[in-house]
Amino acid sequence: MKLQEYTESRHNFEECMKCTVCTAYCPVLQVNPLYPGPKQAGPDGERLRLKDPWFFNYALKYCMNCKRCEVACPSGVRVADLIQSARIRYDHTKPKLRDRILASTDLMGKLTRPVAPVVNGVTGLKIAKSAMDAMLKIDHRRTFPKYSGRSFEAWLRSHEKEQAAFPKQVAYFHGCYVNYNHPDLGKDLVKVLNALGVGVQLLDHEKCCGIAMITNGMSEQATRHAVHNIAVLKKAVVDKGLTVVTTSSSCTLTLREEYPNLLGVDNSAVHDSLLMATRYIYERLEAGAKFRFRTDFHKKIAYHVPCHMERLGWSIFSERLLRMIPGVEFTLLDSACCGIAGTYGFKKENYEASQAVGEPLFEQIRSVNPDIVACDCETCKWQIEMSTGYSVINPISILAQALAE
Amino acid sequence: MRFDTVIIGGGLAGLVSGISLQQAGQQTAIISTGQNALHFFSGSFESMQEVPKRTLDLFAGAGIRVHYNPGVRLTPLGTFREAALSLEDTSLFPTPRFADKILIVSFAGYLDFFTSFLAEGLEKQGMSCRICVLNLPELEKLEQGPSEVRSVQIARTMDRIWEKVVQEIRALLRDEDTVILPQVFGLQDISVPGRIRQGVPARVVFAGTMPPSVPGIRTQMLLKQRLRVLGGTYLMGDEATRANIVDGKVHSIVTRNLGSHCLEADNFILATGSYFSKGLKTNPFSIFEPVFGLDVEYDEDRNRWYDPAFANDQPYMNYGVRTDAALHGLHKGKPIGNLFVAGSILGNTRPDLGSGAGLAIRSAQVAVDQILSL
């Protein structure tokens, strides 16, 4: 008798016992009184919206989709999924130009690449920031990510042959950030995997995972990206039998969880083969592979668990790899949201809330006073670097630095 | 990934086990599906007739301030219940008649603190009560929002403005010897309840609120911190989905988030709680334990699971997982040698008697002793 299987509600919302535990862990509710909170916006609201879409509340846009409500829920309700699904289903307002710009991370990357130094110069200028603030409502206090002149894809293509020579192979979903802003992270991954005898391949033309599109009211575009990405991931996983590794916790969560849960795109053929590189590497080491570390690497490292990493439940792998490096003094920071939530914190109306959410984390980082903050998320990196002045480095790059030549 | 002991369940039983084992030099991991019963904690660890020194040491090590005074505590409904070991901010009295004149203070907009119930109960005991509601501009900001004002939101504000509350109470006090406040103080800064007691020229009693429990959340944060400082691993938001059992022993645990990456250990503790946290699950025909499929003690006749009179003792609350005397879980009547069961999944915990916390601590310590003596 499998009665329960037939009574399962969408995102488990009927499992909600009204215990209010999620409201204690929502970072937005702590700073923004306009937000109804995860319980009301999620399962409580869903009950009403099912009766009449009129009950949809536009204040749901204040949800950062950090998923901390889901991690806290004792009853297995996918609270954040409920909120984001409601936005997809009921919010038909056209996204603003600003939101379309912020969400189109790969289009912006392609457009700016040929003129990267100019763009980097301009977005750093006070006058340009004021203009973007006035015209687009992108907050002038933000620091913008820099664009790179040469894409990671172009770099890896020029090393295709030597990578193919390695006995073991993985495919790499690098994401927009590595491709357009920070190819060095991708190069570090190649270095680390090569040290384990693993070669790195590109996918057959990945697109942006679409996470920023989902939260910016562009779910149709996001779905198109999802369908495309699952097709190219299948080529790697099903046809070639490869594992696909990633270096961004948010891209990973999107590919693994948001595609089926929010966009209704089936990823079951590739789901279990999509791994954060830190998990893949840890498993290689457990199977007997060995790193040769430098003996003169001495760093005090504080590790920040990004919200989407917390939801994936995989921070343990990054933590263990960092602790493994000789000469590392490791601190695990309290699990707390940094406040940026992708494009959320770039918006003028969210700037204050974004900084207030992150303050306890910033304070803890200042009191630990590490040499490096380690973190698997690029937007956390921008936020923490801008707000604390400490440099934030992906665990993969730290590994690359610590390896003996 | 390999540990000495893997604990399934991150509530009081799981945390006490994890901390004790880490202190003894073991490497442990706790798997926790969401938050736990500490979020509904009364402030008293009931059904602890005696308190071993190591329990007090464990709390002291985590920075949790407790006191031990067998007597009664005040419930949120104005009734009294026996209690002994409690958090320092939960008052214990030798008898229910603990004052003559009481000032009950609440905050405008806060609906989860029932002042009139309290007053009625206290007046029954012969104490006179006056209720005052404070209007604080800092809380008005919370009220403007569409969300309800909950204990935790108030507590975050109170950590900042508690001195102002003390001033207001001083101004309100007439000839009362006791002030009752909702237990919304000291969420982050644990010194606040004590400092309020110093600042008010009357006895201050903190009374429980509707959930989430502020002292409970504080207690769980401190226990989790302690576990982390000792080097333990806490896998938050993950769920044990099944166990690999080889030759009558647990070999490893499969979790939802880690999938094919199993968690191996020498010993395992099952502390997943009762129905609310899905340590026990039901369908129309049976009550079962979902991770190991352990034997569960319950009545075959479903009609006897519950008493139709809602307020009566409900038989289903007494159901739980079967174990041997050493708390090994039983599977088809046979003990699983390296699996120990702790906390309210054992059954016979009665929320109406508030016995969950005491059972959690005592059974966790039994499990820990067995593991360390192996």
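For clarity, every value in this text was computed on a predicted model and none was experimentally measured.

Asker: Please set out the overall build of chain A residue by residue, giving values where relevant.
Answerer: Check the secondary structure of chain A and you find 22 helices and eight strands. Over its C-alpha trace chain A gives a radius of gyration of 21 Å, about what one expects of a compact globule, namely 22 Å for 405 residues. In terms of its C-alpha atoms, chain A occupies a principal-axis envelope of roughly 65 × 60 × 40 Å. When the 405 residues of chain A are sorted by exposure, 61% land in the buried category. Considering only contacts in chain A between residues 6 or more positions apart, those separated by 24 or more positions represent 77%. Carbon together with sulfur atoms contributes 54% to the accessible area of chain A, which is approximately 16600 Å² in total.

Asker: For the interface of chain B and chain A, give the residues involved together with the corresponding values.
Answerer: The interface is formed by 38 residues belonging to chain B together with 41 residues belonging to chain A. Contact with chain A buries area across many residues of chain B, yet Met1, Arg228 and Phe276 of chain B alone supply 18% of it, more than any other trio. One can count two salt bridges joining chain B with chain A. Two residues, Lys278 of chain B and Glu15 of chain A, come together in a salt bridge whose shortest N-O distance is 2.5 Å. In terms of residue class, the side of chain B that touches chain A is built from 14 nonpolar, 16 polar and eight charged.

Asker: Can you break down the packing of helix α17 (residues 277-286) of chain A against helix α19 (residues 315-324) of chain A residue by residue, with the values?
Answerer: Residue and element names in this part refer to chain A. Contact geometry for α17 and α19: axes closest at 8 Å, N-to-C directions at 55°. As summarised for this structure, α17 and α19 are arranged oblique, according to the angle between their axes. The interaxial crossing formed by α17 with α19 has left-handed handedness. Taken together, the residues of α19 that come into contact with α17 (itself represented by Thr278, Arg279, Ile281, Tyr282 and Leu285) are Phe317, Ser318, Arg320, Leu321 and Met324.

Asker: I'd love a proper account of the nonpolar core, names of residues and values included.
Answerer: Core analysis: the largest hydrophobic core is formed by 104 residues, its most contacted members being Leu193, Ile281, Phe291, Ile325 and Ile398 of chain A together with Ile253 and Phe292 of chain B. For Ile281 of chain A, the residues in contact, after removing those within four places along its chain, are Val192, Leu193, Leu196, Phe291, Leu321, Ile396 and Leu399 of chain A.

Asker: Before we move on, can you summarise a nonpolar patch on the surface with the specific residues and values?
Answerer: Together, Val115, Val118, Val122, Leu125 and Ile127 of chain A make up a nonpolar patch on the protein surface, roughly 450 Å² of accessible area in all. Locating Leu125 of chain A in the fold gives a position in the loop between α8 (116-123) and α9 (126-136).

Asker: Mind laying out the pattern of salt bridges, listing which residues take part and the relevant values?
Answerer: Residues and elements named next belong to chain A. One pass over the full model with this rule turns up 37 salt bridges over all chains. Lys18 is paired through a salt bridge with Asp44; the nearest N and O atoms lie 2.6 Å apart. With Lys18 in the loop between α1 (3-7) and α2 (21-25) and Asp44 in helix α3 (residues 38-51), the pair connects residues that are 26 residues apart, well separated along the chain. With relative accessibility at 18%, the residue Asp44 sits in the buried group. Between Asp81 and Lys67 there is a salt bridge, and its shortest N-O distance comes to 2.6 Å. In this pair, Asp81 sits in helix α5 (residues 79-90) while Lys67 sits in the loop between α3 and α4 (68-72), placing the two residues 14 residues apart along the sequence. Per residue, the accessibility class of Asp81 equals that of Lys67, and both read buried. Each of Arg10, Glu46, Arg49 and Arg89 takes part in one network of salt bridges that share partners.

Conventions and cut-offs
Residues numbered from 1 in each chain as written. Chains lettered and ligands numbered in written order. Predicted model: local features only at pLDDT ≥ 70, side-chain atom pairs only at ≥ 80, totals over all residues. Heavy atoms only, no water. Helix = DSSP H or I, 4+ residues; strand = E, 2+ residues; numbered from the N terminus. Rg over C-alpha atoms; globule rule 2.2 N^0.38 Å. Buried < 20%, exposed > 50% of the residue type's maximum accessible area, 1.4 Å probe, protein only. Contact = heavy atoms within 4.5 Å. Areas by Shrake-Rupley, 256 points an atom, 1.4 Å probe, with all protein chains shown as cover. Buried area = accessible area lost by both parts, 1.4 Å probe. Salt bridge = Lys/Arg side-chain N within 4 Å of Asp/Glu carboxyl O. Nonpolar A, V, L, I, M, F, W, Y, C, P; charged D, E, K, R; others polar. Axes fitted to C-alpha atoms, helices over the stretch in contact; angles between N-to-C directions. Parallel < 35°, antiparallel > 145°, perpendicular 65-115°, else oblique. Left-handed = near helix turned anticlockwise from the far one by under 90°. Core = buried A, V, L, I, M, F, W, Y, C linked by side-chain atoms within 4.5 Å. Patch = residues over 30% accessible without salt bridge, like charges linked within 9 Å, V, L, I, M, F, W, Y side chains within 5 Å.

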